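Okay, here's what each chain looks like letter by letter:
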Amino acid sequence: MSSSTPTPRIDQPTAPAAGVAGTEQHGARAHSDGAWATKVPVQTRSERPQSGDIDAYAAVTGREVNWKFAPLDKIQPLLAGGLDGSAYPYLATQTDGADVEWVRSDDSRVGTAGLPEDRAAAAAWTARDAVLAVTIKATESHESIAITRSAFGTQPRAAHTVITAEPNAQGIVVIDNRGSALLSENVEVVVHDNARLTVVTVQDWDDDAVHVSTHFAEVGRDAFLKHVVVSLGGDVVRVNPSTHLGGQGADTEMYGVYFADAGQYIEQQVYVNHDAPNTRSRVNYKGALQGAGAHTVWIGDVLIGRTAPGTDSYEQNRNLVLTDGTHADSIPNLEIETGDIAGAGHASATGRFDDEQLFYLQARGIPEEEARRLVVLGFLVEVIQKIGAPELEERLIAAVEQELLEGRTVLAAPVTNGSDA
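Worth saying up front: this structure is predicted, and the values here are computed from it rather than measured. (Residues numbered from 1 in each chain as written. Predicted model: local features only at pLDDT ≥ 70, side-chain atom pairs only at ≥ 80, totals over all residues. Heavy atoms only, no water.)

1. What about the confidence of the model for the chain?
Now for step 1: Within the chain, residue pLDDT values average 87, and 86% of them lie at 70 or more.
Now for step 2: Segment residues 1-28: pLDDT under 50, and 18 contacts once partners within four positions in sequence are set aside and those in other chains are kept.
Now for step 3: Across residues 409-421, confidence stays below pLDDT 50; counting only partners more than four residues off in sequence or on other chains, it has 33 contacts. (pLDDT = per-residue confidence, 0-100. Contact = heavy atoms within 4.5 Å.)

2. What about the packing of helix H3 (residues 355-362) against helix H4 (residues 368-384)?
Now for step 1: Interhelical geometry of H3 versus H4 gives an angle of 125 degrees and a closest axis separation of 9 Å. Accordingly, the angle class assigned to the pair H3 and H4 is oblique. The hand of the H3/H4 crossing is right-handed. Residue-level contacts link Gln357, Leu358, Leu361 and Gln362 of H3 to Glu368, Ala371, Arg372, Leu374 and Val375 of H4.
Now for step 2: Considered class by class, the residues forming the contact of H3 with H4 number five nonpolar, two polar and two charged. (Axes fitted to C-alpha atoms, helices over the stretch in contact; angles between N-to-C directions. Helix = DSSP H or I, 4+ residues; strand = E, 2+ residues; numbered from the N terminus. Parallel < 35°, antiparallel > 145°, perpendicular 65-115°, else oblique. Left-handed = near helix turned anticlockwise from the far one by under 90°. Nonpolar A, V, L, I, M, F, W, Y, C, P; charged D, E, K, R; others polar.)

3. Here we look at the side chain of Glu143
Now for step 1: With respect to the helices and strands, Glu143 occurs in strand S6 (residues 143-149).
Now for step 2: One buried charge, Glu143, has no salt-bridge partner; the nearest side chain with opposite charge is Lys137, at 9.1 Å.
Now for step 3: Only 2.6 Å separates the side chain of Glu143 from the side chain of Thr95, close enough to count as a polar contact.
Now for step 4: Within the structure, the side chain of Glu143 is placed 2.3 Å from the side chain of Thr139, a separation counted as a polar contact.
Now for step 5: Setting aside residues no more than four positions away along its own chain, Glu143 makes contact with Thr95, Asp96, Gly97, Ala98, Ile136, Lys137, Gln170, Gly171 and Ile172. (Buried < 20%, exposed > 50% of the residue type's maximum accessible area, 1.4 Å probe, protein only. Lys, Arg positive; Asp, Glu negative; His and termini not counted. Salt bridge = Lys/Arg side-chain N within 4 Å of Asp/Glu carboxyl O. Polar contact = N/O pair within 3.5 Å; in protein donor to acceptor, adjacent residues only side chain to side chain.)

4. Quick notes on the pattern of salt bridges
Now for step 1: Taken as a whole and judged by the stated rule, the model has 21 salt bridges.
Now for step 2: Across the salt bridge formed by Asp222 and Arg221, the nearest N and O atoms sit 4.0 Å from each other.
Now for step 3: Look at Arg221 and you get partly exposed, because its relative accessible area is 43%.
Now for step 4: Overlapping salt bridges bring together Asp176, Arg178, Asp204 and Arg395 as one network.

5. Focus on the environment of Arg373
Now for step 1: Tracing the backbone through its elements, the reader meets Arg373 in helix H4.
Now for step 2: Between the alpha carbons of Arg373 and Leu405 there is a distance of 8.8 Å; along the sequence they are 32 residues apart.
Now for step 3: For Arg373, the contacting residues outside a window of four places in its chain are Glu401 and Leu404.

6. Here's the deal with a negative patch on the surface
Now for step 1: Residues Asp206, Asp207, Asp208 and Glu406 make up a contiguous surface patch of negative charge.
Now for step 2: Its location among the elements puts Asp208 in the loop between strand S10 (196-204) and strand S11 (210-219).
Now for step 3: Taking relative accessible area as the criterion, Asp208 reaches 43% and is therefore assigned partly exposed. (Patch = residues over 30% accessible without salt bridge, like charges linked within 9 Å, V, L, I, M, F, W, Y side chains within 5 Å. Areas by Shrake-Rupley, 256 points an atom, 1.4 Å probe, with all protein chains shown as cover. Charge placed at Lys NZ, Arg CZ, Asp CG, Glu CD.)

7. Quick word on the environment of Glu267
Now for step 1: Among the structural elements, Glu267 can be located in strand S15 (residues 265-274).
Now for step 2: Look at Glu267 and you get buried, because its relative accessible area is 2%.
Now for step 3: The sequence separation of Glu267 and Phe69 amounts to 198 residues, and the corresponding C-alpha distance is 8.6 Å.
Now for step 4: A polar side-chain atom of Glu267 sits 2.2 Å from a polar atom in the side chain of Tyr265.

8. Thoughts on the pairing of strand S14 (residues 251-260)
Now for step 1: Within S14, ten of the ten residues are buried, which leaves the element mostly enclosed by the surrounding structure.
Now for step 2: Neither face of S14 is left uncovered, since the one carrying Asp251, Glu253, Tyr255, Val257 and Phe259 and the one carrying Thr252, Met254, Gly256, Tyr258 and Ala260 both have all their residues buried.
Now for step 3: In terms of strand pairing, strand S12 (residues 224-233) meets S14 through eight bridges, oriented parallel. Opposite Leu225, over in S14, you have Thr252 as the bridge partner.
Now for step 4: In this sheet, strand S16 (residues 280-289) lies alongside S14 in parallel orientation, the contact comprising ten bridges. From the neighbouring strand, Thr252 faces S16, where its bridge partner is Ser281. (Pairing = 2+ DSSP bridges.)

9. Brief notes about the nonpolar core
Now for step 1: In this structure, Ile145, Ile163, Val173, Val189, Val191, Leu197 and Leu225 are the most contacted members of the largest nonpolar core, which totals 48 residues.
Now for step 2: When residues no more than four places from it in sequence are discounted, the contact partners of Leu197 are Ile136, Ile163, Ala165, Gly171, Ile172, Val173, Val189, Val191, Phe224, Leu225 and Lys226.
Now for step 3: Judged by nonpolar contacts, the second largest core, of 31 residues, contains Ile172, Phe259, Leu358 and Leu377. (Core = buried A, V, L, I, M, F, W, Y, C linked by side-chain atoms within 4.5 Å.)

10. Structural notes on helix H2 (residues 119-127)
Now for step 1: Taking burial as the measure, the nine residues of H2 include eight buried ones, the bulk of the element.
Now for step 2: Every buried residue belonging to H2 is among Arg119, Ala120, Ala121, Ala122, Ala123, Ala124, Trp125 and Ala127, and all of these are buried.
Now for step 3: On its buried face, H2 sits against strand S7 (156-165), strand S9 (182-191) and S11.
Now for step 4: With a side-chain oxygen lying 3.1 Å from the backbone nitrogen of Ala120, the N-terminal cap of H2 falls on Asp118.

11. Some remarks on the sheet that holds S9
Now for step 1: Spatial strand order, S4-S5-S7-S9-S11-S13-S15-S17-S19: nine strands in an open sheet with mixed pairing. The open sheet has two edge strands with one neighbour each: strand S4 (98-104) and strand S19 (327-336). Sheet twist, expressed as the mean angle between neighbouring strand axes with direction ignored, is 10 degrees.
Now for step 2: Pairing of S15 with strand S17 (residues 295-304) involves ten bridges; the strand directions are parallel. Across the sheet, the residue bridging to Tyr271 is Asp301, located in S17.
Now for step 3: The strands touched by H2 are S7, S9 and S11; relative to S9, the strand with the most contacts, the crossing angle is about 85 degrees.

Below, the structure written as structure tokens:
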């Protein structure tokens, strides 16, 4: 359908419709500081506009609520557009009931889980030439597929992945990211009715990598999605997952574990949209920080809509500060539009080592350095063990131990702060 009138960009005010009062009425003119309806920034996650067109978004300034923490100087090449969205090399290991293939960018599965909400995701969406389609089929077995990506290079690139679990299917998909990258990508996850799916993304990039990723998930009736984000390597890693619980009885568990070293930036903006009756969500992200300039950001948004009575929701974020000179931002948000819920809450805390834990271990003959290692592992392993893939869990635990070994330093004095609601 075509029109001679161009569609306004989402950051532009829209002219009033015919018959509706505009800036002039009753012979009076609006003040120059009026028209606030088109100027007030978006206040909640649910109000953000969506578009796959990069031109629908204004240039990012850093004053936007969803960009205010990010190091834009490093991300800027991924915001300008013109990314390389062609197919890339990957290695896949899979069972018989799991398929992976390249499909055209106009494949019917593209766009079924969601649309971009910011300029980086839209740049990747606009640039995609090939889409990696992963399908978990409905069989009698628990299907699995592991995809390793390590050849993106250092030029600005875009990627798009669509993961589909067929009705009644069950399985796990692991995306393992390594090497160097300057990458913006979109990952769509569709979990059809009565399916059970685990999706794990591992960011184990080289130290120079910049990775900006948006995940969209659609969960059907009585379906279950476990979504796990593991971020260890890279210079800048920004993974923002959102889940829409659109079918009655839909269920999601969203986990994250991250370890930020000196000068490293790791960000996660998590969104759960309860949009159907009797849905359930659990969000649990845990991170550790060590070294000067290590910076982590976690923003958790939960919307319980008017159409979602019987919702049961809880989100939390915990950060363990290992040294001075680190910075952890943790912001939980809860938006409730119905009073008929089973439960809802959130929690956030950032703290340093508990001296009582160290004393307990040392009193039993464990050296101080080993005691510290055990405390950190115990803190993070709770989330790692939720993955459900023993070999991957062992590898990640070894990676955390290596991080601790490389970053040994004197710990700051114990101070804690936190809030629960």
